[in-house]
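# An overview of the molecular structure
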Amino acid sequence: MRILKTRGRRAAYNIFLHESVGGTDYVNSREISCEMVLDPDPKGYTIVPTTIHPGEEAPFVLSVFTKASVVLEAL
């Protein structure tokens, strides 16, 4: 999983064009977790679920816990 500062732009195909602010190492596991403190950013962040194998797609569940009010949008 990668968390990107996308400055209000969609993280389309090349996620490497955006600043990575965190995430997890690539591990062969059914479940991962990541705890972070992010600075408020009016343009937001993009969470990119990933797999250990490039190009592989798989279903996922994303849970976000926060003390602040946030808006989550599917891309």
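On a predicted model such as this, the values are computed, not experimentally measured, just so you know.

### Observations regarding the overall build of the chain
Looking only at helices and strands, one finds zero helices and three strands in the chain. Sequence-ordered secondary structure for the chain, helices as α and strands as β, is β-β-β. For the chain, long-range pairs separated by at least 24 residues make up 46% of all intrachain contacts whose partners lie at least 6 apart in sequence. Carbon and sulfur atoms make up 52% of the accessible area of the chain, which amounts to about 6,800 Å² in all.

### A few points about the confidence of the model for the chain
On average, residues of the chain score 76 in pLDDT, and 79% of them reach the 70 mark or higher. Within the chain, the lowest mean pLDDT, 71, falls on strand β2 (residues 19–23), and the highest, 81, falls on strand β3 (residues 45–48).

### Focus: the environment of E35
Inspection of the secondary structure puts E35 in the loop between β2 and β3. What makes E35 exposed here is its relative accessible area of 82%.

### A look at a nonpolar patch on the surface
A surface patch of nonpolar side chains, amounting to about 540 Å² of accessible area, comprises I47, F60, L62, V64, V70 and L72. Counting through the fold element by element, V70 comes out in the segment after β3. Its relative accessible area of 47% is what places V70 among the partly exposed residues.

### A short note on the pairing of β3
Along β3, the buried face is formed by T46 and V48; none of Y45 and I47, which line the opposite face, is buried. Of the pairings in the sheet, the one linking strand β1 (residues 2–5) to β3 comprises four bridges and is antiparallel in character. From the neighbouring strand, R2 faces β3, where its bridge partner is V48.

### Here we look at the environment of T66
By secondary structure assignment, the location of T66 is in the segment after β3. Given the relative accessible area of 43%, T66 is considered partly exposed. At 3.1 Å, the side chain of T66 and the backbone nitrogen of A68 are in polar contact.

Cut-off values and rules
Residues numbered from 1 in each chain as written. Predicted model: local features only at pLDDT ≥ 70, side-chain atom pairs only at ≥ 80, totals over all residues. Heavy atoms only, no water. Helix = DSSP H or I, 4+ residues; strand = E, 2+ residues; numbered from the N terminus. Contact = heavy atoms within 4.5 Å. Areas by Shrake-Rupley, 256 points an atom, 1.4 Å probe, with all protein chains shown as cover. pLDDT = per-residue confidence, 0-100. Buried < 20%, exposed > 50% of the residue type's maximum accessible area, 1.4 Å probe, protein only. Patch = residues over 30% accessible without salt bridge, like charges linked within 9 Å, V, L, I, M, F, W, Y side chains within 5 Å. Salt bridge = Lys/Arg side-chain N within 4 Å of Asp/Glu carboxyl O. Pairing = 2+ DSSP bridges. Polar contact = N/O pair within 3.5 Å; in protein donor to acceptor, adjacent residues only side chain to side chain.

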